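# Results of the structural survey
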Amino acid sequence: MHYFDHAATHPLSEVARAAWLDAATRFPANPSSLHRLGARADRALEGARARLAAMLGCSPGEVIFTSGATESNNLMVHHLAHALTGTVLVSSLEHPSVLEPTRHELAERRQLIPATPAGVVDLPWLENRLRTRPPAAVLLMAANNETGVLQPWREVAARCREHGVWFGCDAAQWLGKLPAAGLGACAFLTGCAHKFGGPPGVGFLKGPTTLRPLLRGGPQEDRRRAGTQNLPGILAMVASLEARERELAVGGAEQRIVWRDRFVARVQQALPGTELLGADAPRLWNTVSLQLPPRADGRRWVVALDRLGFAVASGSACSSGRDVPSHVLEAMGRSRDNADRVVRFSSGWETPESAWEVLIRKGVSS
Ligand code: PLP
């Protein structure tokens, strides 16, 4: 099977596997235990926190380890809902783990920020809103999980600082694919390991030291997140992110943008009528979201490609037997009718250029 669904989960990297096994062997104890083995595990935990904070550019005390980005986003929203009064502006392109808790916890206090047809948050709209009626907080992801479109998080973070507004950023798709530097300046930042080759079930939140906990019942993480830390997972996450940062520093992303664009051009040549979502915006090197023409055999693209040996993702959700476009496609103003023809292809660090080639020859154009 050729795997083109790394935006859902990136398979475990060799670096992460080695770090996980090493940690599971060397640190068998609970980091909260008072004996020397516990203290040794705690030192490893705090070392990982300091290494992650150094990559993000924040202080280790601001980093909390969690079970993944869904938990981190829920924790961020939970804190904002209780710590702030006033409106929270939330981008309409966010992942459901931001949209659902904000709808639930903020109700009328949530206002969605519109997006442009290119799949970018409407920056002029947001800047005007910040000037005329500053909200209590703004939430915007760094890169979109369905289209790969990069969001202007740096600009929004700067505007929010100018206006004294809290800014929270879900960087789950950005981290490990683009440099982490600068992200730590966001008041809240969330991410998870399994998008860049770390293990699933581990992530982090960078936030204030006064964070209001969602999980209670233990002193861990300075009482901001109860529950025994997943130490092997945390060490594997940090090691994997460090390795990605090193690959980025030697130009790993630039080369892969060329492969991505070559793939898109070849598909558009083979299948006239193919449309690239977010074509007018900067995008992640690994994610391509295409609206393909209908298949002659009437099959759904995702099903047909699966049979041909390619794992890809769909741009629609099947609801009561009907395809409905994702909220992201809707926010971009796209018609519901073509939702089942939107396919997301997402590569990983270990995907060679030849795999894109095989995808064209044996998948998309067959
Ligand atoms: N945020 C974004 C942008 C994502 O792409 C995902 C995963 O798909 C999540 C949050 C949720 O991450 P996790 O699987 O770690 O809960």
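Bear in mind the structure is a predicted one, so any value in this text is a computation, not a measurement.

Conventions and cut-offs
- Residues numbered from 1 in each chain as written.
- Predicted model: local features only at pLDDT ≥ 70, side-chain atom pairs only at ≥ 80, totals over all residues.
- Heavy atoms only, no water.
- Helix = DSSP H or I, 4+ residues; strand = E, 2+ residues; numbered from the N terminus.
- Rg over C-alpha atoms; globule rule 2.2 N^0.38 Å.
- Buried < 20%, exposed > 50% of the residue type's maximum accessible area, 1.4 Å probe, protein only.
- Contact = heavy atoms within 4.5 Å.
- Areas by Shrake-Rupley, 256 points an atom, 1.4 Å probe, with all protein chains shown as cover.
- Axes fitted to C-alpha atoms, helices over the stretch in contact; angles between N-to-C directions.
- Parallel < 35°, antiparallel > 145°, perpendicular 65-115°, else oblique.
- Left-handed = near helix turned anticlockwise from the far one by under 90°.
- Nonpolar A, V, L, I, M, F, W, Y, C, P; charged D, E, K, R; others polar.
- Salt bridge = Lys/Arg side-chain N within 4 Å of Asp/Glu carboxyl O.
- Pairing = 2+ DSSP bridges.
- Expected span 1.5 Å × (residues − 1).
- Arc of directions from axis to C-beta.
- Polar contact = N/O pair within 3.5 Å; in protein donor to acceptor, adjacent residues only side chain to side chain.
- Phe/Tyr/Trp six-rings, centres within 6.5 Å; stacked < 30°, edge-to-face > 60°.
- Domains from an automatic or database assignment.
- Buried area = accessible area lost by both parts, 1.4 Å probe.

For the protein chain, the helix and strand inventory stands at twelve helices and 15 strands. Radius of gyration (C-alpha) of the protein chain: 21 Å, near the 21 Å computed for a compact globule of 366 residues. Taken along its principal axes, the extent of the C-alpha atoms in the protein chain is 65 × 55 × 40 Å. When burial is assessed residue by residue, the protein chain has 57% of its 366 residues classed as buried. Contacts spanning at least 24 positions in sequence make up 67% of the contacts within the protein chain whose residues lie at least 6 apart. On the protein chain, roughly 15200 Å² of surface is accessible, and the fraction owed to carbon and sulfur atoms is 53%.

Between helix α2 (residues 36-56) and helix α8 (residues 231-249), the least distance of the axes is 10 Å, while the angle of their chain directions is 30°. Considering the angle they form, α2 stands roughly parallel to α8. Crossing angle aside, the handedness with which α2 passes α8 is left-handed. Residue-level contacts link Ala41, Ala44, Leu45, Ala48, Arg51, Leu52 and Met55 of α2 to Leu231, Ile234, Leu235, Met237, Val238, Ala239, Leu241, Glu242 and Glu245 of α8. Here the contact of α2 with α8 is composed, by residue class, of 13 nonpolar, no polar and three charged.

So, on to the pattern of salt bridges. Side-chain pairs of opposite charge can arise where the charged atoms are in close proximity. Inspection of the entire model under this criterion finds 19 salt bridges. Close ionic contact of glutamate 62 with lysine 206 constitutes a salt bridge, the shortest N to O distance being 3.8 Å. With glutamate 62 in the loop between α2 and β2 (63-66) and lysine 206 in strand β8 (residues 203-206), this residue pair connects regions lying 144 residues apart in the sequence. Note that aspartate 261 is salt-bridged to arginine 260, the shortest N-O span being 2.9 Å. Residue arginine 260 is classed as buried on the basis of its relative accessible area, which comes to 5%. The network of salt bridges with shared partners includes Glu46, Arg49 and Glu221.

Our next topic: the sheet that holds strand β12 (residues 313-314). An order of β9-β10-β15-β12 is seen for the four strands of this open sheet, with the pairing classed as antiparallel. Two strands in the sheet have a free side with no partner beyond their single neighbour: β9 (275-276) and β12. Sheet analysis places β12 next to strand β15 (residues 342-346), joined by two bridges and oriented antiparallel. Across the sheet, residue alanine 313 finds its bridge partner in β15, namely arginine 344.

Look at helix α1 (residues 14-26): 18 Å from first C-alpha to last across 13 residues, which is about the 18 Å you get at 1.5 Å a residue. Where α1 is concerned, the buried positions are Ala16, Ala19 and Ala23. Axial view of α1: buried residues confined to an arc of 65°, hence all on one face. For α1, exposure combined with an orientation more than 90 degrees from the buried face picks out Glu14 and Thr25. Packing partners of the buried residues in α1 comprise α8.

All right, on to the side chain of glutamate 221 then. You can see glutamate 221 is positioned in helix α7 (residues 220-223). Given a relative accessible area of 5%, glutamate 221 falls into the buried group. Here the side chain of glutamate 221 touches phenylalanine 65 through a polar contact of 2.8 Å, landing on its backbone nitrogen.

Tallying each qualifying case throughout the model produces six aromatic pairs. Measuring from centroid to centroid gives 5.4 Å for tryptophan 153 and tryptophan 174, while their planes differ by 90°, and the two rings are edge-to-face. Here tryptophan 153 is found in helix α6 (residues 153-163), whereas its partner tryptophan 174 is found in the loop between β6 (166-170) and β7 (188-192), with 21 residues between them in sequence. Tryptophan 174 shares its class with tryptophan 153; the two are buried. Ring centres 5.3 Å apart and planes at 70° place the aromatic pair phenylalanine 263 and phenylalanine 345 in the edge-to-face group.

Among the secondary structure elements, valine 303 is positioned in helix α10 (residues 301-307). Its relative accessible area of 34% is what places valine 303 among the partly exposed residues. Put simply, valine 303 and alanine 313 are ten residues apart on the chain and 9.8 Å apart in space, counted from C-alpha to C-alpha.

Attention now moves to the packing of helix α5 (residues 123-132) against α6. Where α5 meets α6, the axes come as close as 10 Å, and the angle between the chain directions of the two elements is 10°. Put simply, α5 runs roughly parallel to α6. Of the residues in α6, those touching α5 at Leu123, Leu126, Glu127, Leu130 and Arg131 are Glu155, Val156, Arg159, Cys160 and His163. Taken together, the residues of the contact of α5 with α6 break down into five nonpolar, one polar and four charged.

Before going further, it helps to examine the domain arrangement of the protein chain. Segmenting the protein chain into domains produces domain 1 (2-9 + 251-364) and domain 2 (14-248). Spacing between the C-alpha centres of domain 1 and domain 2 amounts to 27 Å. Each partner contributes to the interface: domain 1 provides 25 residues, whereas domain 2 provides 28 residues. Interface area for domain 1 against domain 2, summed over the two sides, is near 2300 Å², with a carbon-plus-sulfur share of 58%.

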